[in-house]
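Analysis of the macromolecular model
Spelled out from the first residue to the last, the chains are:
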Amino acid sequence: MYDAPMSDASELLHIITPNVTDAMVREQLPLCARILEFFPRADEYAVKAAESVLKFNRAHRSGKYATKDDKKLYIRTAAQYLKALESPNASLLNDYDCHDFKNCETCREAGVFGWKEFVRQVRADEKREKERKESERQAAALRAKRKAEEELKARLCPQCNKADRGNHTMSSIGGWVKVCDGCYDQQYEIEQGLIATGGKYEVRYPLKPRPEYLAAKGAEAKAAMAKAMEDAEEDVPICPQCHRAGKNGAGYQKHWDNCPVYREGLKQAFAQPLQKEAAKAAGEQL
């Protein structure tokens, strides 16, 4: 008649009447849902609150101190419970809210307590548990952060704290330790400068250069020399006749003397007057 897992209304129905029949489900399950509406402040603990009020009623409406009138008010069904809650004077809830549970022997024996205080305690416990878990989470995060910092410190060069350590060792913070290639090369140059001063400074254990550093340094020096020679080289003038530079970089004067264009031009220039003289002489003979 109702779905599993058990709903709040069905749970309360089993608390009121442990032996539930199909007829009870059809008739009283809706009533239990209406009963729970009287405990809105309890939220998810509404069933617990309704159970506490029910225990309060049964503890004081039975037993050796109960009168005949008390026993008449003993709640046995969901219908009786709902009727007591809907009573115009709301005596059940008012008696419950005003009751001194701490000093009531009957309530202590029956395990009855004020549900509002119970909910406050539960929520306080939940808050403390949440704070405890948050504290543990922060502590775990702090431990993880410190571990990451230690791992990073062990991996980075102790000299610059920027690059990863290389394979070469030199005297640095903490003694002879592995440092990055940049710091090693820099220290090598410093020592070479001290050694070049002619003994003014003593380097007991000079560092050996890294082969990769020497190769890069040689290539850089070679490139710088080539650029310097290129910048210092004079521009080769261009022949004004053929607009070409001298062969193999020779000066333009040497090219001028042997320029085929210039020589052909000279040849034609000298050939024209000779042709005119020859034509004139031939005409006179005729």
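Our structure's up above, just so we're on the same page.
What comes next is a walk through the structure.

Secondary structure summary: the protein contains 12 helices and two strands in total. Its helices and strands taken in sequence order, the protein reads α-α-α-α-α-α-α-α-β-β-α-α-α-α from the N to the C terminus. Here the protein, with 286 residues, has 24% of them falling under the buried criterion. In the protein, 40% of the contacts between residues at least 6 apart in sequence involve partners at least 24 apart.

One pass over the structure, following the stated rule, counts seven aromatic pairs. With centroids separated by 5.5 Å and ring planes inclined at 85°, the aromatic side chains of F56 and Y96 adopt a geometry described as edge-to-face. Within this pair, whereas F56 is found in helix α3 (residues 46–60), its partner Y96 is found in helix α6 (residues 91–97), the two being separated by 40 residues in sequence. Pair check on accessibility: F56 and Y96 agree, each one buried. For the ring pair Y96 and F101, a centre distance of 5.1 Å and an interplane angle of 65° mean the geometry is edge-to-face.

Any two side chains of opposite charge can pair, given that their charged atoms come close. Tallying each qualifying case throughout the model produces 14 salt bridges. Residues R210 and D185 are paired through a salt bridge, measuring 2.7 Å at the closest nitrogen-oxygen approach. One end of the pair, R210, is in the loop between α9 (181–195) and α10 (211–232); the other, D185, is in helix α9, and 25 residues separate them in sequence. Side by side, R210 and D185 carry an identical accessibility label, which is buried. One salt-bridge network, in which partners are shared between bridges, spans D181, D185, R210 and E212.

One finds I16, I35, F39, V53, Y81 and W115 to be the most contacted residues of the largest nonpolar core, which totals 36 residues. Elements with a minimum of two residues in this core: α1 (8–16), α2 (22–36), α3, α5 (78–85), α6 and α8 (115–155). The residues contacting W115, other than those within four sequence positions of it, are F39, R41, A42, A49, S52, V53 and Y96. One finds M170, V177, Y184 and Y188 within the second-largest nonpolar core, a separate group that totals 10 residues.

This paragraph deals with the environment of C180. Within the element layout of this structure, C180 appears in the loop between β2 (175–179) and α9. Judged by relative accessible area, which is 5%, C180 ranks as buried. Through-space distance from the C-alpha of C180 to that of N161 is 9.2 Å; in sequence the pair is 19 residues apart. Sequence-distant contacts of C180, defined by excluding residues within four places in its chain, comprise C157, C160, A163, D164, R165 and G166.

Moving on: the pairing of strand β1 (residues 168–172). The sheet contact formed by β1 and β2 spans five bridges and is antiparallel. Paired with S171 across the strands is W176, a residue of β2. The antiparallel pairing of β1 with β2 creates a hairpin that spans two residues between the two strands, and G174 there sits at a positive phi of about 95°.

By the burial criterion, the buried members of α5 are A78, Y81, L82 and L85. Looking straight down α5, one finds its buried side chains confined to an arc of 95°; they lie on one side. Packing partners of the buried residues in α5 comprise α1, α2, α3 and α6.

With that settled, the discussion passes to unusual backbone geometry. Although it is not a glycine, D43 adopts a positive phi angle of roughly 55°. Among the secondary structure elements, D43 is positioned in the loop between α2 and α3. Accessibility expressed as a relative area gives 45% for D43, which makes it partly exposed. We note that A90 has phi near 45°; this positive angle belongs to a residue other than glycine. Counting through the fold element by element, A90 comes out in the loop between α5 and α6.

Each value, and the rule that gives it
Residues numbered from 1 in each chain as written. Predicted model: local features only at pLDDT ≥ 70, side-chain atom pairs only at ≥ 80, totals over all residues. Heavy atoms only, no water. Helix = DSSP H or I, 4+ residues; strand = E, 2+ residues; numbered from the N terminus. Buried < 20%, exposed > 50% of the residue type's maximum accessible area, 1.4 Å probe, protein only. Contact = heavy atoms within 4.5 Å. Phe/Tyr/Trp six-rings, centres within 6.5 Å; stacked < 30°, edge-to-face > 60°. Salt bridge = Lys/Arg side-chain N within 4 Å of Asp/Glu carboxyl O. Core = buried A, V, L, I, M, F, W, Y, C linked by side-chain atoms within 4.5 Å. Pairing = 2+ DSSP bridges. Arc of directions from axis to C-beta.

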